[in-house]
Amino acid sequence: MFDKDTYVQRRALLKKRVGSGVLLFLGNDECGLNYADNTFRYRQDSSFLYYFGLSFAGLSAIIDIDEDKEIIFGDELSIDHIVWMGTQPTLKEKSGQVGVAHTLPSTALASFLQKAAQKGQTVHYLPPYRAEHQLKLMEWLGIAPAQQTGSVPFIRAIVDQRNHKSAEEIVEIEKACNITADMHLAAMKMVRPGMREWEVAAAIQAVALAAGGDLSFATIATVNGQTLHNHYHGNLVKSGDLFLIDAGAETAMGYAGDMSSTVPADKTFTTRQREIYHLQNAMHLASVDALRPGVPFVDVYDLSARVMVEGLKELGLMKGNAADAVREGAHALFYPHGLGHMMGLDVHDMENLGELWVGYNGEPKSTLFGRKSLRLARPLEAGFVLTIEPGIYFIPELIDLWKGQRKFADFINYDKVESYRDFGGIRNEEDYLITETGARRLGKKIPLTADEVEALR
Ligand code: GLY
Ligand code: MN
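Residues numbered from 1 in each chain as written. Chains lettered and ligands numbered in written order. Predicted model: local features only at pLDDT ≥ 70, side-chain atom pairs only at ≥ 80, totals over all residues. Heavy atoms only, no water.

1. A look at empty space enclosed by the protein
- This model, assessed by the stated rule, comprises two cavities of 30 Å³ or more.
- Its volume calculated, the largest cavity comes out at about 150 Å³.
- As for the largest cavity, its lining consists of 15 residues, and the residues nearest its centre are Leu-26, Asp-45, Leu-126, Pro-127 and His-133.
- Contributing elements (two or more residues each) for the lining of the largest cavity: strand E1 (22–26), helix H2 (46–52) and helix H6 (131–141).
- If one sorts the elements of the lining of the largest cavity by residue count, E1 sits on top with three residues.
- Estimated volume of the second largest cavity: approximately 70 Å³.
- Its residues assigned to classes, the lining of the second largest cavity shows two nonpolar, two polar and four charged. (1 Å grid on protein atoms, 1.4 Å probe; cavity = no way out; pocket = protein on both sides within 12 Å on 5 of 7 lines; lining within 4 Å. Points joined across faces, edges and corners; volume = space filled by probe spheres on them. Helix = DSSP H or I, 4+ residues; strand = E, 2+ residues; numbered from the N terminus. Nonpolar A, V, L, I, M, F, W, Y, C, P; charged D, E, K, R; others polar.)

Following this line, the structure appears as structure tokens:
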């Protein structure tokens, strides 16, 4: 936990920015995996963590801006809980650690909210992503789950605050990035033909746990890197395969790292793998070079896509004008996702509050295939922490679909693409802080160029 002044100051700024009403924070409860007492790893809600710092199940909080009062709601532990699960500080002690003077039992929250509504106060709440929170909001505020879209002024104030990382947050994120780099180094070294993917996934998690953290998201460690979020780990690694790793650490305080790397199953890349790998590197390096405050991230994405199209033209896979191909969306056959996303207490920071606010500042999003998957498009500002993760993929089902439709036939040489259909996918990913003048990579460097990767193997 940070010093209590951090949380006091964060809440003071939030109160000032929202201006009036009651702010409701629903902390996360335990969540059963296959029965109630066999729970998933506990994870506090990130906005609760950001403003109240406490990583314990069963807490909620309000900030009554009109009355200038903060209250944490929760219950003391029963002796049964202490016997089975261990003890915890009292509710007063926990609240004191984050500078909150008032506490009430959890049962008092419903009547508190009812009274606030009767007094004509606006109750601001965040869009829920857990069913138990949907039920609470339905019961307490009388809003059906489908209508629980959250309070826009509350969402926007949080997004503006959490998007700008403080110096102490950068230290914590950099710790996560260093553990993440170690996870990748361990994995990149060990991949060999004859292994199962799960051996690599296990080694990745071991590094995170041994560093006092855990995973910031489900590990991708796969010979099928063309499936963007592939969480299956049961394949046998074969000679000639590419192996894509996308994994990150979360520190004990909840901050995330997120990196990707791609290695050949053999000690070296084949010529064809090296060509595509080199092109992915060119996309990556051009993107990093373009990072600075004021630059719309969508422009950096477009640049990365144009670099790819130019390279694919040289390899005979694409044709025509690169800028036209990117504007019309033809590149998305090979690059159907965005260039990166905000990162902080969530690996996709604040995705639960809505991409529209986090990554677009309220500006409309494209609906075009590929471009619609940009999580981040807005102009960059100093203090933003984001990922850079361009990729090149050969997705057989997508190739078949577009080829059948003759889609973008002016830009895509389908006959040549056909000969790459079993290629797989390549992605590399690093994490960057936007500074006043440019950008700084966070965490230790992991091998990026083909030569660096082969030297590690
Ligand atoms: N690391 C997974 C993703 O960014 O979607
Ligand atoms: Mn990522």
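2. Brief notes about the coordination of the manganese ion (ligand 2)
- In the first shell of the manganese ion (ligand 2), the protein supplies Asp-258 (OD), His-341 (NE2), Glu-389 (OE) and Glu-429 (OE), at 2.1 to 2.2 Å from the metal.
- On the primary sequence, the residues serving as donors to the manganese ion (ligand 2) are separated as D-x82-H-x47-E-x39-E. In this pair, Asp-258 is assigned in the loop between strand E11 (249–250) and strand E12 (259–264) and Glu-389 in the loop between strand E13 (385–388) and strand E14 (391–393), connecting sequence segments 131 residues apart.
- Note on Asp-258: relative accessible area 3%, which makes it buried.
- Residue classification places Glu-389 among the buried positions, given a relative accessible area of 9%. (Donors = N, O, S within 2.8 Å, 3.2 Å for Na, K, Ca; no water. Buried < 20%, exposed > 50% of the residue type's maximum accessible area, 1.4 Å probe, protein only.)

3. Describing the pattern of salt bridges
- For the coordinates displayed, the defined rule picks out 32 salt bridges.
- Among the salt bridges present, the one from Arg-162 reaches Asp-346, with a minimum N-O distance of 2.9 Å. On the criterion of sequence distance, the pair formed by Arg-162 in helix H7 (residues 152–163) and Asp-346 in the loop between helix H12 (322–328) and helix H13 (355–358) is long-range, its members being 184 residues apart. Residues Arg-162 and Asp-346 agree in their burial class; the two are buried. (Salt bridge = Lys/Arg side-chain N within 4 Å of Asp/Glu carboxyl O.)

4. Side note on the pairing of strand E16 (residues 430–434)
- With five of its five residues buried, E16 lies for the most part within the structure.
- Here E16 shows no split at all, with Glu-430, Tyr-432 and Ile-434 on one side and Asp-431 and Leu-433 on the other all buried.
- Where E13 meets E16, four bridges bridge the pair, whose relative direction is antiparallel. Paired with Ile-388 across the two strands is Glu-430, which belongs to E16.
- One ladder, built from three bridges, connects E16 with strand E17 (residues 439–441); its direction is antiparallel. (Pairing = 2+ DSSP bridges.)

5. Topic: the packing of helix H1 (residues 4–18) against H7
- At a minimum axis separation of 9 Å, H1 and H7 run at an interaxial angle of 135°. Regarding the angle of H1 to H7, the classification is oblique. Crossing angle aside, the handedness with which H1 passes H7 is right-handed. In this structure, H1 uses Arg-10, Leu-13, Leu-14, Arg-17 and Val-18 to contact H7, whose residues at the interface are Pro-153, Phe-154, Ala-157, Ile-158, Asp-160 and Gln-161. (Axes fitted to C-alpha atoms, helices over the stretch in contact; angles between N-to-C directions. Parallel < 35°, antiparallel > 145°, perpendicular 65-115°, else oblique. Left-handed = near helix turned anticlockwise from the far one by under 90°. Contact = heavy atoms within 4.5 Å.)

6. As for the packing of aromatic side chains
- Scanning all chains against the criterion turns up 17 aromatic pairs.
- On the numbers, 6.2 Å between centres and 55° between planes, the contact of Phe-2 with Tyr-255 is tilted. Here the residue Phe-2 occupies a position in the segment before H1, and Tyr-255 occupies one in the loop between E11 and E12, the gap between them amounting to 253 residues. Judged on exposure class, the residue Phe-2 and its partner Tyr-255 are both buried.
- Measuring from centroid to centroid gives 5.1 Å for Phe-394 and Tyr-420, while their planes differ by 25°, and the two rings are stacked. Taken together, the residues span a long stretch of sequence, with Phe-394 in the loop between E14 and helix H14 (396–405) and Tyr-420 in the loop between helix H15 (414–418) and strand E15 (425–427) at a distance of 26 residues. The same class applies to Phe-394 and to Tyr-420, which are both buried. (Phe/Tyr/Trp six-rings, centres within 6.5 Å; stacked < 30°, edge-to-face > 60°.)

7. Side note on the site of ligand 1
- The environment of ligand 1 is formed by Phe-217, His-229, Asp-246, Asp-258, His-341, His-348 and Glu-389.
- One of the side-chain nitrogen or oxygen atoms of His-229 is found 2.7 Å away from an oxygen atom of ligand 1.
- Asp-258 is positioned such that a nitrogen or oxygen atom in its side chain is 2.9 Å from a nitrogen atom of ligand 1.
- Against a free-state accessible area of 200 Å², the protein chains account for coverage of 93% of ligand 1.
- Because more than half of its atoms lie within 2 Å of the grid, ligand 1 is assigned to the largest pocket.
- Here the residues of the shell around ligand 1 sort into one nonpolar, three polar and three charged. (Near = heavy atom within 4 Å. Polar contact = N/O pair within 3.5 Å; in protein donor to acceptor, adjacent residues only side chain to side chain. Areas by Shrake-Rupley, 256 points an atom, 1.4 Å probe, with all protein chains shown as cover. Sits in = over half its atoms within 2 Å of the grid points.)

8. Looking at the confidence of the model for the protein
- On average, residues of the protein carry a pLDDT of 98, and 100% of them reach 70 or more.
- Per-element confidence in the protein ranges from a low mean pLDDT of 95 for helix H3 (residues 79–85) to a high of 99 for E16. (pLDDT = per-residue confidence, 0-100.)

9. Looking at the packing of helix H8 (residues 167–190) against helix H9 (residues 197–210)
- With their axes 9 Å apart at the nearest point, H8 and H9 run at an angle of 150° to one another. The pairing of H8 with H9 is recorded here as roughly antiparallel in orientation. H9 is crossed by H8, and the crossing has right-handed handedness. Where H8 abuts H9, its residues Ile-179, Asp-182, Met-183, Ala-186, Ala-187 and Met-190 lie against Glu-199, Val-200, Ala-203, Ile-204, Val-207 and Ala-208.
- A class-by-class count of the residues in the contact of H8 with H9 yields ten nonpolar, no polar and two charged.

10. Some details on the environment of Thr-122
- Within the secondary structure, Thr-122 is located in the loop between helix H5 (108–118) and strand E7 (123–124).
- Residue classification places Thr-122 among the partly exposed residues on the basis of a relative accessible area of 46%.
- Remark: the alpha-carbon pair of Thr-122 and Ser-20, spanning 102 residues in sequence, is separated by 7.7 Å.
- If we ignore the near neighbours within four places in the chain, the residues touching Thr-122 are Gly-21 and Val-22.

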